[in-house]
Amino acid sequence: MVFRLGKDYPIDRIKKPLQEFNPFKNKGPLTGWYELPFSNKYHWEEMTQLALDTIRNQKTKV
């Protein structure tokens, strides 16, 4: 599953095997988007909530 946390999010705080999301063959990864593999699906709900909270906080700062 893929989560948008933003380019400034401190990824090193998350103790899960996140990878930068790169759906392209000839381009670099999407900035601020991270993928958590299926083998860690039991963390998806927690990561979904984190991504939602992060997006909400970004919108209130604007």
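Scroll up for the structure.
Anyway, here's the lowdown on the structure attached to this text.

Definitions and cut-offs
As a convention, each chain's residues are numbered from 1 in the sequence order in which they are written. With the structure being a predicted model, the display of local features is reserved for residues of pLDDT at least 70 and the display and counting of side-chain atom pairs for 80 or more, all residues being used for whole-chain, interface and lining totals. As a rule here, side-chain values come from all non-hydrogen atoms in the structure, and water together with hydrogens is ignored. To define a nonpolar core, start from buried Ala, Val, Leu, Ile, Met, Phe, Trp, Tyr and Cys residues and group those joined through side-chain atoms within 4.5 Å. When accessible area is computed with a 1.4 Å probe and restricted to protein chains, residues below 20% of their type maximum are described as buried, those above 50% as exposed, and intermediate ones as partly exposed. Helix and strand labels come from DSSP, where a helix needs a run of H or I of at least four residues and a strand needs a run of E of at least two; each type is numbered from the N terminus. Any pair of residues with heavy atoms lying within 4.5 Å of one another is described as a contacting pair. We treat two strands as partners when DSSP finds at least two bridges between them.

## Some thoughts on the nonpolar core
F3, L5, Y9, I14, L18, Y34, L36, W44, M47 and A51 form the largest nonpolar core, which has 10 residues in total. With 3 residues, the top contributor of residues to this core is helix α1 (residues 44-61). Aside from chain neighbours lying at most four places away, what touches L18 is L5, I11, Y34, E35, L36 and M47.

## What about the sheet that holds strand β3 (residues 33-35)?
The strands that make up a sheet pair up through hydrogen bonds in the backbone, lying either parallel or antiparallel. Spatial strand order, β1-β3-β2: 3 strands in an open sheet with antiparallel pairing. Every interior strand has two partners, whereas the edge strands, β1 (2-4) and β2 (19-20), have only one. The pairing of β2 with β3 spans 2 bridges and is classified as antiparallel. If you follow E20 over to β3, its bridge partner there is Y34.

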